[in-house]
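# Coordinate inspection notes
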Amino acid sequence: MKKRYIVFLLFFIFVSCEKEELAINIEGCTDETASNYNQYANISNYEMCKYGSTITQIPLTVDYRYQVYYNMNSKNIISTNLKTDWDLAFENGNEGFHVKINSSKFSQITEINNISFEDVNSFSNPIWKWDNPNSSLDSTAIGDYRNSNNTVWILDRGYNINGNPIGYKKFIIDTVTNNYYRIKYANLDNSETIIVQIEKNKNTNFTQYSFKTNAIVEIEPPNNSWDLLFTQYTELFEDNIDVPAYLVTGVLTNHESGIKVAIDNYNNFDSITYNIATSYSFSSQQDAIGYNWKNFDFDNNIYTVNSNINYLIKDSQERYFKLRFINFYNQEGEKGYPTFEIEKL
């Protein structure tokens, strides 16, 4: 019995004197969405993460009739709508007051001051205005209207899918609060006069309204659910007196939710890494990707894509992506199907 006690005591002393085991540091990719996710890694190194690229085609179709919202992280189309589904977009924040026109159908707007709404029945020599696609809300065509008196806006609603003019509406913005807008609109001859209250939807950046259906239309997805909008939009050429604005087809970003873009013209797409991407300065302009990734060849009557332009994109969660365009046609040879390669870094 005494021997057993001595042996047990010696074993206890020996174990108690052993050095505590040290944890082994393992560096690796800790992003579960990566193909090389390391569940044992306790030191994150996103440079080591591998996600693989994806080829995506966006169906704007041959007449560019659709607007398509896309999420980079899920690599999914979030929603699609006809570009003619809406006329005005109202800023949704508590302090929001900006109103945008639908540049995807080449809408334009002019104003008439110091006259009653009912007395505006025609116009001559209008000074047309367009929203600046760079996303600055201070550069919208309507601007800050809150301190203006008796301003009547005349909206040229642009063109339908077939390229025919839609017509005109006149309107006034009567009230804007933290929760809603109130506007009055009609045809120029005062027919179809409507007063409507447009509630702000705090889940989206803007609320769209249609003069065709006389109702709010659900166009823009929730704030953080989308990153890129493939669409036609109106580009401005300030130095061109003859053609100050022109309809183009390209990509706008969800700058309101923090999407930023940098352009890389130096590196091969495959060689761009996380560290290279993070070394760039990024732009928050909505049209940072824009439409210049393609050119029109007048001799051969076709679009060509510049696949050497790399777009580095940072989202609101500080995730980085690289993107390049590789085609503008589908397998049937129809234009209006921008195709791109995208990879998370």
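Now for a quick tour of the structure. (Residues numbered from 1 in each chain as written. Predicted model: local features only at pLDDT ≥ 70, side-chain atom pairs only at ≥ 80, totals over all residues. Heavy atoms only, no water.)

So, about the pairing of strand S13 (residues 206–210). Across the five residues of S13, five count as buried, placing the element largely inside the fold. In S13, alternate side chains face the same way, and those of Phe 206, Gln 208 and Ser 210 on one face and Thr 207 and Tyr 209 on the other are all buried. With four bridges connecting them, strand S6 (residues 88–91) and S13 associate as antiparallel partners. For Ala 89, the partnering residue across the bridge sits in S13 and is Gln 208. As paired strands, S13 and strand S14 (residues 215–217) are joined by three bridges and run antiparallel to one another. Bridge assignment links Tyr 209 to a residue of S14, and that residue is Ile 216. In sequence, S13 turns back onto S14 through a hairpin of four residues, with Asn 214 there showing a positive phi of about 55 degrees. (Buried < 20%, exposed > 50% of the residue type's maximum accessible area, 1.4 Å probe, protein only. Helix = DSSP H or I, 4+ residues; strand = E, 2+ residues; numbered from the N terminus. Pairing = 2+ DSSP bridges.)

Quick look at the packing of aromatic side chains now. Following the criterion strictly, the structure yields 25 aromatic pairs and no others. Ring geometry for Tyr 274 and Tyr 320: centres 5.5 Å apart, planes at 85 degrees, overall edge-to-face. Here Tyr 274, found in helix H2 (residues 274–278), pairs with Tyr 320, found in strand S21 (residues 320–329); they are 46 residues apart in sequence, far enough to count as distant. On the basis of relative accessibility, which here comes to 24%, the residue Tyr 274 falls in the partly exposed class. (Phe/Tyr/Trp six-rings, centres within 6.5 Å; stacked < 30°, edge-to-face > 60°.)

Counting residues in hydrophobic clusters, the biggest one holds 24 residues, and the most contacted among them are Leu 228, Phe 230, Ile 289 and Phe 325. Every element with two or more residues in this core is listed here: strand S4 (66–71), strand S15 (228–236), strand S20 (310–314), S21 and strand S22 (335–344). In terms of residue count, S21 provides more of this core than any other element does, five residues in total. The contact partners of Leu 228, leaving out residues within four places of it in the chain, are Val 68, Tyr 69, Tyr 70, Met 72, Val 251, Leu 252, Thr 253, Ile 289, Ile 313 and Leu 323. Phe 90, Ile 101, Ile 173 and Val 196 belong to the second largest nonpolar core, which has 20 residues in total. (Core = buried A, V, L, I, M, F, W, Y, C linked by side-chain atoms within 4.5 Å. Contact = heavy atoms within 4.5 Å.)

Mapped onto the fold, Ile 276 is located in helix H2. If sequence neighbours within four positions are ignored, Ile 276 has contacts with Asn 267 and Ser 271.

Tallied over the entire structure, the rule returns eleven salt bridges. One salt bridge in this structure joins Arg 65 and Asp 63, with 2.7 Å as the shortest N-O distance. Note on Asp 63: relative accessible area 24%, which makes it partly exposed. Between Lys 105 and Asp 87 there is a salt bridge, with the nearest N and O atoms lying 2.8 Å from each other. Taken as a pair, Lys 105 in the loop between strand S7 (99–101) and strand S8 (108–112) and Asp 87 in the loop between strand S5 (76–82) and S6 lie far apart in primary sequence, 18 residues in all. Here the salt bridges do not stand alone but share partners, grouping Asp 87, Lys 105 and Arg 157 into one network. (Salt bridge = Lys/Arg side-chain N within 4 Å of Asp/Glu carboxyl O.)

This part takes up the sheet that holds S4. Pairing is antiparallel across the open sheet formed by four strands, whose spatial order is S5-S4-S15-S16. With one partner strand each, in any of the chains shown, S5 and strand S16 (245–253) form the two edges of the open sheet. Adjacent strand axes in the sheet meet at a mean angle of 35 degrees, parallel and antiparallel pairs treated alike. Bridging between S4 and S15 involves three bridges; their strand directions are antiparallel. Within the sheet, the bridge partner assigned to Tyr 69 lies in S15 and is Leu 229. (Axes fitted to C-alpha atoms, helices over the stretch in contact; angles between N-to-C directions.)

Our next topic: the side chain of Glu 341. As for its placement among the helices and strands, Glu 341 is situated in strand S22. Residue Glu 341 is classed as buried on the basis of its relative accessible area, which comes to 9%. In terms of polar contacts, Glu 341 uses its side chain to reach the side chain of Ser 53, at 2.8 Å. If near-sequence neighbours (up to four positions away) are discounted, Glu 341 is found in contact with Ser 53, Thr 54, Ile 55, Phe 269, Lys 322, Leu 323 and Arg 324. (Polar contact = N/O pair within 3.5 Å; in protein donor to acceptor, adjacent residues only side chain to side chain.)

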